[in-house]
Amino acid sequence: METLERILAEHPFFAGLDARHIQLIVGCAANVRFDAGQFIFREGEEANEFYVIRHGKVALEIFVPGRGPVTIQTLGEGEILGWSWLIPPYHWHFNARAVELTRAIALDGRCLRVKCEDDHDLGYELLKRFAHIVEQRLQATRLQLLDVYGVHS
Amino acid sequence: MIPRPYRISRVHRETADTFTLELTPVQEDGTFSFAPGQFNMLYVFGVGEIPISISGDPGNPGTLVHTTRVVGTVTRAMRKLKRGDVIGVRGPFGRHWPVTEAEGNDVVIVAGGIGLAPLRPALFHILSRREKYGKVVLLYGARTPEDILYRNQLSRWRAQFDLEVYVTVDRATGGWRGSVGVVTTLIPRAPFDPLNTVAMVCGPEVMMRFSALELQKRGVGPDNIFLSMERNMKCAVGFCGHCQFGPTFLCKDGPVFPYRRVKDLLTIWEL
Ligand SMILES: Cc1cc2nc3c(=O)[nH]c(=O)nc-3n(C[C@H](O)[C@H](O)[C@H](O)COP(=O)(O)OP(=O)(O)OC[C@H]3O[C@@H](n4cnc5c(N)ncnc54)[C@H](O)[C@@H]3O)c2cc1C
Ligand code: FES
């Protein structure tokens, strides 16, 4: 049987973490599933968790007045969804919607924030990893704005 | 080298701004053979001559296939041509994709927009010798679902067990249920062994620059990443100096280069 602990310990995102820290993280983890079309979170709501996507596909959307929701990126298997739980004021900046049946591990952000305050080594390790996720999202957004396939480029 | 007359045997509209021409020689003057990644100079009589990559199957050189995107004077005139019209062809020119050198390795093909056209012959070549390669992965990014080239072919390839095809668009429109994001976002999760991979990348230069960086982040060496530098050309044979960069002529030393060789060129806009 695949335990949550093993799945998380083997995930590249958590690579290099102490067994002790993995234990702390697993204490805040739960398996979740979302049906196609279901919202995982919505822009403006409080951000109190993040997800390790195991199967499926999730669309990150922003709401554009007059146009409705616009997908700016999709995330799939193995990717990390959500970083707003770690950065005050802990509100989501996007909608996340399952495009198809999606299974994930949800990590309770409130629980993790407390553990990070208690154990700054854990806090620093998580911050380093999430800084990388934020950088990836920024880079992807930047490339989209550049219109990389356009005629002028 | 004088252009040889070719008759348009088929015109196929791919997307709103791209079309494919199939050409057959007006006079039987021996067979035309080319390597994947080579280009021809196509001459629209009375308008001008432009370099366009050959996008057909190198195993079937009887028909010359070119896919062109309309950007300016010559491509606009070319789009108006019909079946039966004649154009001039010089070629083939340039260095090809390293399809032979890649044997025994995984192959990752990263295409952006019209960049899929010059890479298609490499895919035809590889798929006709499939047993010689490890994993073969095609990562393709287009602006919107309507801009996706070779739709039917992509779905046939996707149904194949020995080729992994991933398509993503910048902007989802209509009922698109696939991936959204630029093509570089596909690189971290694509199934290939970076230490044993040859990557072939073609698209606008920004896209190639960021794809090469992302491939290197995954661990692909700069000598195993190949790009096609499709900048303006005139003579295509290293005479006019139009495409010269230091000692390098993009037309005859390229358009396909290992990344290391053109890395610096990617941040210089005009030659
Ligand atoms: C080796 C090589 C292979 C090519 N293969 C293909 C192909 O398979 N399909 C295809 O559609 N195009 C291809 N191109 C690009 C094609 O040659 C140009 O789009 C074409 O020359 C434009 O001619 P035009 O007279 O219509 O445009 P122009 O009136 O000359 O230019 C209109 C606009 O297009 C820009 N432009 C011109 N040439 C290029 C270029 N080479 N790259 C980017 N922007 C350009 C100009 O800066 C200008 O903004 C290739 C180019 C090279 C060098
Ligand atoms: S196009 Fe004339 S030298 Fe390259």
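What this report covers is the structure whose coordinates are included nearby. The shown structure was predicted, so the numbers you read here are calculated from the model rather than taken from an experiment. (Residues numbered from 1 in each chain as written. Chains lettered and ligands numbered in written order. Predicted model: local features only at pLDDT ≥ 70, side-chain atom pairs only at ≥ 80, totals over all residues. Heavy atoms only, no water.)

A separate point is the overall build of chain A. Scanning chain A from N- to C-terminus turns up 4 helices and 8 strands. Within chain A, the fraction of its 153 residues that count as buried is 48%. On chain A, the mean spot of the 16 positive side-chain charges and the mean spot of the 21 negative ones are 4 Å from each other. (Helix = DSSP H or I, 4+ residues; strand = E, 2+ residues; numbered from the N terminus. Buried < 20%, exposed > 50% of the residue type's maximum accessible area, 1.4 Å probe, protein only. Lys, Arg positive; Asp, Glu negative; His and termini not counted. Charge placed at Lys NZ, Arg CZ, Asp CG, Glu CD.)

We now examine the side chain of S84 of chain A. Within the fold, S84 of chain A resides in the loop between strand 6 (80-81) and strand 7 (95-98). Setting aside anything within four residues of it in sequence, one finds S84 of chain A in contact with A47, Y90, H91, W92 and H93 of chain A. (Contact = heavy atoms within 4.5 Å.)

Moving on: the pairing of strand 9 (residues 164-169) of chain B. Residue and element names in this part refer to chain B. Direction of pairing for strand 8 (residues 136-142) relative to strand 9: parallel, over a ladder of 6 bridges. Along strand 9, the bridge assignment pairs V137 with E164. Each parallel crossover has a hand, and for strand 8 linked through helix 3 (residues 151-158) to strand 9 it is right-handed. Of the strand pairs in this sheet, strand 9 and strand 10 (residues 179-180) are connected by 2 bridges, and their pairing is parallel. Residue pairing across strands places V169 opposite V180, the latter belonging to strand 10. (Pairing = 2+ DSSP bridges. Right-handed = clockwise from strand over helix to strand, strands pointing away.)

What follows covers the interface of chain A and chain B. Contacts between the two partners involve 21 residues from chain A and, on the opposite side, 25 residues from chain B. A combined buried area of about 2100 Å² lies between chain A and chain B, and 57% of that area is made up of carbon and sulfur atoms. Taken together, the links from chain A to chain B amount to 1 salt bridge. Elements with a minimum of two residues in the side of chain A that touches chain B: strand 5 (68-76) and helix 4 (120-146) of chain A. When residues in the side of chain A that touches chain B are grouped by element, the largest group, 7 residues, is from helix 4 of chain A. Of the residues belonging to the side of chain A that touches chain B, the class tally is 8 nonpolar, 8 polar and 5 charged. (Buried area = accessible area lost by both parts, 1.4 Å probe. Salt bridge = Lys/Arg side-chain N within 4 Å of Asp/Glu carboxyl O. Nonpolar A, V, L, I, M, F, W, Y, C, P; charged D, E, K, R; others polar.)

On the surface, a cluster of positive charge is contributed by R13, R76, R79 and K80 of chain B. If you trace the backbone, R79 of chain B turns up in helix 1 (residues 73-79). (Patch = residues over 30% accessible without salt bridge, like charges linked within 9 Å, V, L, I, M, F, W, Y side chains within 5 Å. Areas by Shrake-Rupley, 256 points an atom, 1.4 Å probe, with all protein chains shown as cover.)

As a further point, take the packing of helix 4 of chain A against helix 4 (residues 205-218) of chain B. Following both chains from N to C, one finds helix 4 of chain A and helix 4 of chain B inclined at 160 degrees, their axes separated by 11 Å at the closest point. Between helix 4 of chain A and helix 4 of chain B, the angle falls in the class roughly antiparallel. Regarding helix 4 of chain A and helix 4 of chain B, the two cross each other, and that crossing is left-handed. Facing E135, Q139, R142, L143 and L146 of chain A of helix 4 of chain A, the residues of helix 4 of chain B in contact are V206, F210 and K217 of chain B. Looking at side-chain class alone, the contact of helix 4 of chain A with helix 4 of chain B contains 4 nonpolar, 1 polar and 3 charged residues. (Axes fitted to C-alpha atoms, helices over the stretch in contact; angles between N-to-C directions. Parallel < 35°, antiparallel > 145°, perpendicular 65-115°, else oblique. Left-handed = near helix turned anticlockwise from the far one by under 90°.)

Moving on: the pattern of salt bridges. Inspection of every chain in the model, using the stated rule, returns 15 salt bridges over all chains. Of the charged contacts in the structure, one is a salt bridge between D18 of chain A and R20 of chain A, with a shortest N-O distance of 3.4 Å. Taking relative accessible area as the criterion, D18 of chain A reaches 39% and is therefore assigned partly exposed. On the basis of relative accessible area, R20 of chain A is assigned to the partly exposed category, the value being 47%. A salt bridge links E205 of chain B to R231 of chain B, with the shortest nitrogen-to-oxygen separation between them at 2.5 Å. One end of the pair, E205 of chain B, is in helix 4; the other, R231 of chain B, is in the loop between strand 12 (225-228) and strand 13 (244-245), and 26 residues separate them in sequence. With relative accessibility at 10%, the residue R231 of chain B sits in the buried group.

Residue and element names in this part refer to chain A. The 4 strands lie next to each other as 1-8-3-6, forming an open sheet whose pairing is antiparallel. Where the open sheet ends on each side, the last strands, each with one partner, are strand 1 (29-34) and strand 6. In the sheet, strand 1 pairs with strand 8 (residues 102-108) via 6 bridges, with the strands oriented antiparallel. Counterpart to V32 in the pairing with strand 8 is A104. Relative to the sheet, helix 3 (residues 109-118) contacts strand 3 (49-55) and strand 8, its axis offset from that of strand 8 by approximately 40 degrees.

Quick look at the sheet that holds strand 4 (residues 57-64) of chain A now. Residue and element names in this part refer to chain A. Spatial ordering of the open sheet is given by 2-7-4-5, a layout of 4 strands whose pairing is antiparallel. What marks the edges here is a single partner per strand, and that holds for strand 2 (39-41) and strand 5. Across the sheet, the axes of successive neighbouring strands diverge by a mean angle of 35 degrees, strand direction being ignored. Note that strand 4 and strand 7 share 4 bridges and pair antiparallel. Within the sheet, the bridge partner assigned to A59 lies in strand 7 and is R97.

Next up on the list: the state of the cysteines. Where two cysteines share a covalent bond between their sulfur atoms, that bond is called a disulfide. Applying the stated criterion across every chain yields a total of 1 disulfide over all chains. Through a disulfide, C28 of chain A is tied to C111 of chain A; the S-S separation comes to 1.9 Å. The sign of the -65 degrees torsion about the S-S bond sets the C28 of chain A-C111 of chain A disulfide as left-handed. Within this pair, whereas C28 of chain A is found in the loop between helix 2 (19-26) and strand 1, its partner C111 of chain A is found in helix 3, the two being separated by 83 residues in sequence. Owing to a relative accessible area of 5%, C28 of chain A belongs among the buried residues under this scheme. There is no disulfide at C202 of chain B, and the cysteine sulfur nearest it, in C243 of chain B, is 16 Å away. (Disulfide = S-S within 2.5 Å.)

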